[in-house]
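# Survey of secondary and tertiary structure
Here's the letter readout for the chains.
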Amino acid sequence: MKFVIKEAGSREFYDELLYVAAQRRNISKGKKLKQGTISGFYKKKLILGLFGMAFVAGSWLLFRDAVFVILLIMMALLTGIVLYYLKTVSKSVDSLMDTSGERTVEIDAEGVKFTDESKSLDYRWDDIMKIVIGEHSVSFLPVKENEFVIALESRYKDEILSVLKENGLLDKTVGNI
């Protein structure tokens, strides 16, 4: 089955794709993947950091111990790092949304092929570790960590699942089937 994509994907698609790529190691270890987005992941960490800072500040007010000041400084630094990553992720999603041109993804009994103006990828089914089916994306994770992830928006999920079923590859799928 051949998919020709002429427009950029949605923000949610790219956000989820980056999350799946970031969780590649956990997926390879067989850990259960929680559906989500990369920005949602960092927002949760930011909220946790802010609550932690408030707790440590309250503890300092109560006990007036210098240890809490050190902890507060450390938590502020970590929260700053999380803010930086959140901003970087937002810029990455924006740049991915700016991609233009025609992209082609072909899925058949041999494997998955991706072609655009700048690159061409060809993965046989043995080269694909898992197929992650998310709320907004269907991602083909290669076995090698340094290889690109091929992904399609979830609107193509039924067609992809039919090809996988025809070729007996449903056991490679993870996520929302």
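The structure we're discussing is the one just above.
Report follows, based on the coordinates.

How each quantity is defined
- Counting of residues starts from 1 at the beginning of each chain's written sequence and follows it residue by residue.
- Where totals are concerned, whole chains, interfaces and linings use all residues; where local detail is concerned, this predicted model gives features only for residues with pLDDT of at least 70, and gives and counts side-chain atom pairs only at 80 or more.
- To get the side-chain values, all heavy atoms of the structure are used, and hydrogens and water are removed first.
- A side-chain nitrogen of Lys or Arg and a carboxyl oxygen of Asp or Glu constitute a salt bridge if their distance falls within 4 Å.
- Put simply, DSSP marks the helices as runs of H or I at least four residues long and the strands as runs of E at least two long, and each gets a number from the N terminus on.
- Exposure classes here rest on a 1.4 Å probe applied to the protein chains alone. A residue is buried below 20% of its type maximum, exposed above 50%, and partly exposed in between.
- Remark: nonpolar core denotes a set of buried residues (Ala, Val, Leu, Ile, Met, Phe, Trp, Tyr, Cys) joined through side-chain atoms within 4.5 Å.
- Any two residues having at least one pair of non-hydrogen atoms within 4.5 Å are treated as being in contact.
- We call two strands paired when DSSP finds no fewer than two bridges between them.
- The axes used here are C-alpha line fits, helices contributing only the stretch in contact, and every angle between their N-to-C directions lies in the interval 0 to 180 degrees.
- A helix is expected to reach a length of 1.5 Å times the quantity of its residues less one.

## Comments concerning the pattern of salt bridges
What the rule picks out here adds up to seven salt bridges. The partner of arginine 155 in a salt bridge is glutamate 7, with the nearest N and O atoms 2.7 Å apart. Here arginine 155, found in the loop between β7 (150-153) and α5 (157-166), pairs with glutamate 7, found in the loop between β1 (2-5) and α1 (11-22); they are 148 residues apart in sequence, far enough to count as distant. For the salt bridge of aspartate 94 with arginine 11, the shortest nitrogen-to-oxygen distance reads 3.0 Å. Of this pair, aspartate 94 sits in helix α4 (residues 66-97) while arginine 11 is found in helix α1, placing the two residues 83 residues apart along the sequence. Note on arginine 11: relative accessible area 32%, which makes it partly exposed. Beyond isolated ion pairs, a larger network of salt bridges with shared partners links Glu7, Glu153 and Arg155.

## A few points about the nonpolar core
Judged by nonpolar contacts, the single largest core of 22 residues is most densely connected at Ile107, Trp125, Phe140 and Ile160. Looking at this core, the elements that each hand over two or more residues are β1, β2 (103-107), β3 (111-115), β4 (120-124), β5 (128-133), β6 (137-142), β7 and α5. Sort the elements by how many residues they give to this core and α5 lands first, with four residues. Residues in contact with phenylalanine 140, not counting those within four places in the same chain, are Ile107, Val112, Trp125, Ile128, Lys130, Ile131, Val149, Ile150 and Ile160. Core analysis: the next-biggest nonpolar cluster, separate from the first, contains 19 residues, Val20, Ile38, Val82 and Val149 among them.

## Points about the sheet that holds β6
A sheet is described by the order of its strands in space; here four strands give the open sequence β7-β6-β5-β8, paired in mixed fashion. Of all strands in the sheet, those bounded by a partner on one side alone are β7 and β8 (173-175). With strand direction ignored, the average angle separating the axes of adjacent strands in the sheet is 20°. Inspection of the sheet shows β5 paired to β8 by three bridges, in the parallel sense. Within β8, the residue paired with valine 132 across the bridge is valine 174. Sheet contacts for α1: β5, β6 and β7; angle to β6, the most-contacted strand, approximately 30°.

## Comments concerning helix α3 (residues 38-63)
Between the first and last C-alpha of α3 there are 37 Å, a value that for 26 residues agrees with the 38 Å anticipated at 1.5 Å per step. Residues Ile38, Ser39, Tyr42, Leu46, Gly49, Gly52, Val56 and Ser59 constitute the buried set of α3. Tucked inside the fold, the buried residues of α3 contact α1 and α4. Immediately downstream of α3, the backbone of arginine 64 shows phi near 55°, a positive value.

By themselves, these figures tell us nothing about what the structure is for.
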